[in-house]
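Okay, here's what each chain looks like letter by letter:
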Amino acid sequence: MSGLGHAVAFVRSVFFCCWTLFWLPVQVIALLFNMRLSRWIPRVYHRGNCVILGLRVVCHGSPSAFSPVLYVSNHTSYLDIVVLAAVLEASFIAKQEVAAWPVFGLLARLNRTVFVDRSAGRALEYRDQMRCRIMGGQNLVLFPEGTSNDGNRVLRFNSTFFSVAETKFQGKPVIVQPIAIAYTGLDGLPLGRSRRPLFAWYGEMDLVSHLWSVLGQSIVTVEIAFLPTTTMDACGSRKDMARRCQLMVATSVSDMLSGRLV
């Protein structure tokens, strides 16, 4: 990264810290008193983060007008959470390890993230946690790949994660809406396959150095496609729902990366 890039990264990190320190006590108070305010603060906060980080968000379609909704999305980077939280009023489902991450773990807690242990022996426990949130009328965001990808493809959706969609809310099936997210441009130019790891965080990449590199980049275009909703009744089984959602998401990601999505 050039000297200018390091300077941009430093300025952005200062703005990020100041923005976070402003909203942090407000959200803590809102959560302590269970205020309705606590639900829209994360959206305002992450919209500001998109500006600070230079993320230009382009949406295709719109989120479901019904609630609660289980959103299922492909997962490329920690930036996915910033972008999705800026356009959705929803809590995320994250692996237990995230809770211990410095800064990000705290921010996740303040966004009422559901931390789950995805080991086979704890599957029923995390399913019950998600069901309680859904029964309480809360929207949830799930990354059914179980890990992040390289930004060029969508991994197989794990059908186990769709068990919460079998829940009934007020006698009706839970709405499931697939979401496709893709990093498609940098400085107004198409972001090629070789440069996508600038924003995709996966494998054994170091989080701190990767984040510093992201902070030093210019304006990146992130596209989000809100796809047609479905229910367990319409799909018949968790495996069929996982396959259907994965196909829709993978097709949309491919279309966005190639510029074909209208």
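Our subject is the structure listed above.
Here the structure is a predicted model, which is why all the values come from computation and not from measurement.

Student: Explain the overall build of the protein to me, using residue names and the numbers behind them.
Tutor: Regarding its fold elements, the protein presents eight helices and ten strands. A compact globule built from 262 residues should have a C-alpha radius of gyration of about 18 Å, and the protein, at 18 Å, falls within 12% of that. Put simply, the protein has 262 residues, and 51% of those count as buried. Considering only contacts within the protein whose residues lie at least 6 apart along the sequence, 74% involve residues at least 24 apart. Entry remark: accessible area of the protein is about 12500 Å², with carbon and sulfur atoms responsible for 61%. Within the protein, one finds 26 positive and 16 negative side-chain charges whose respective centroids are separated by 4 Å.

Student: Describe the layout of surface pockets, and please don't skip the residues or the numbers.
Tutor: The calculated volume of the largest pocket comes to roughly 740 Å³. Contributing to the lining of the largest pocket are 37 residues, with Tyr 78, Ile 81, Val 98, Trp 101 and Phe 104 lying nearest its centre. At the level of secondary structure, the elements contributing two or more residues to the lining of the largest pocket comprise helix H1 (3-32), helix H2 (37-53), helix H3 (79-87), strand E3 (91-95), helix H4 (104-110) and helix H6 (207-215). If you tally residues by element for the lining of the largest pocket, the top one is H1, at six residues. Here the lining of the largest pocket is composed, by residue class, of 22 nonpolar, twelve polar and three charged. Taken as a whole, the second largest pocket holds about 180 Å³ of empty space. If you trace the second largest pocket, you find it lined by Phe 16, Pro 102, Val 103, Phe 104, Leu 207, Val 208, Leu 211, Trp 212 and Leu 215.

Student: Run through empty space enclosed by the protein, naming residues and quoting values.
Tutor: Enumeration according to the criterion identifies two cavities of 30 Å³ or more in this entry. The calculated volume of the largest cavity comes to roughly 120 Å³. What lines the largest cavity is simply Thr 20, Trp 23, Leu 24, Gln 27, Ile 41, Pro 42, Tyr 45, His 46, Leu 107, Leu 110 and Asn 111. Sorting the residues of the lining of the largest cavity by element identifies H1, H2 and H4 as the ones contributing at least two each. Residue composition of the lining of the largest cavity, by class: seven nonpolar, four polar and no charged. Here the second largest cavity defines a volume of roughly 50 Å³. Along the walls of the second largest cavity sit Arg 39, Pro 42, Arg 43, Ala 85, Leu 88, Glu 89, Ala 90, Asn 111 and Arg 112, which together make up its complete lining. Broken down by element, the residue count for the lining of the second largest cavity peaks at three residues, all from H2. Looking at the lining of the second largest cavity residue by residue, the classes come out as four nonpolar, one polar and four charged.

Student: Can you tell me about the pattern of salt bridges, naming the residues and giving the values?
Tutor: Taken as a whole and judged by the stated rule, the model has seven salt bridges. Asp 240 is paired through a salt bridge with Arg 243; the nearest N and O atoms lie 2.4 Å apart. Here Asp 240 pairs with Arg 243, and both are found in helix H8 (residues 238-258), just three residues apart, close to one helical turn. Here the salt bridges share partners, and the residues they tie into one network are Arg 131, Glu 166 and Arg 238.

Student: For the packing of aromatic side chains, give the residues involved together with the corresponding values.
Tutor: Here the structure, examined in full by the defined rule, presents six aromatic pairs. Taking the centre distance of 5.9 Å and the plane angle of 75° together, the rings of Trp 19 and Trp 23 count as edge-to-face. With Trp 19 and Trp 23 both in helix H1 and four residues apart, this pair spans about one turn of that helix. Here the aromatic rings of Tyr 183 and Phe 199 are separated by 6.3 Å at their centres, their planes lie at 5°, and the arrangement is stacked. One end of the pair, Tyr 183, is in strand E8 (residues 175-186); the other, Phe 199, is in the loop between strand E9 (189-190) and H6, and 16 residues separate them in sequence. Each member of the pair, Tyr 183 as well as Phe 199, is classed as buried. By way of ring pairs, the aromatic residues Trp 19, Phe 22 and Trp 23 are connected into one cluster.

Conventions and cut-offs
- Residues numbered from 1 in each chain as written.
- Predicted model: local features only at pLDDT ≥ 70, side-chain atom pairs only at ≥ 80, totals over all residues.
- Heavy atoms only, no water.
- Helix = DSSP H or I, 4+ residues; strand = E, 2+ residues; numbered from the N terminus.
- Rg over C-alpha atoms; globule rule 2.2 N^0.38 Å.
- Buried < 20%, exposed > 50% of the residue type's maximum accessible area, 1.4 Å probe, protein only.
- Contact = heavy atoms within 4.5 Å.
- Areas by Shrake-Rupley, 256 points an atom, 1.4 Å probe, with all protein chains shown as cover.
- Lys, Arg positive; Asp, Glu negative; His and termini not counted.
- Charge placed at Lys NZ, Arg CZ, Asp CG, Glu CD.
- 1 Å grid on protein atoms, 1.4 Å probe; cavity = no way out; pocket = protein on both sides within 12 Å on 5 of 7 lines; lining within 4 Å.
- Points joined across faces, edges and corners; volume = space filled by probe spheres on them.
- Nonpolar A, V, L, I, M, F, W, Y, C, P; charged D, E, K, R; others polar.
- Salt bridge = Lys/Arg side-chain N within 4 Å of Asp/Glu carboxyl O.
- Phe/Tyr/Trp six-rings, centres within 6.5 Å; stacked < 30°, edge-to-face > 60°.

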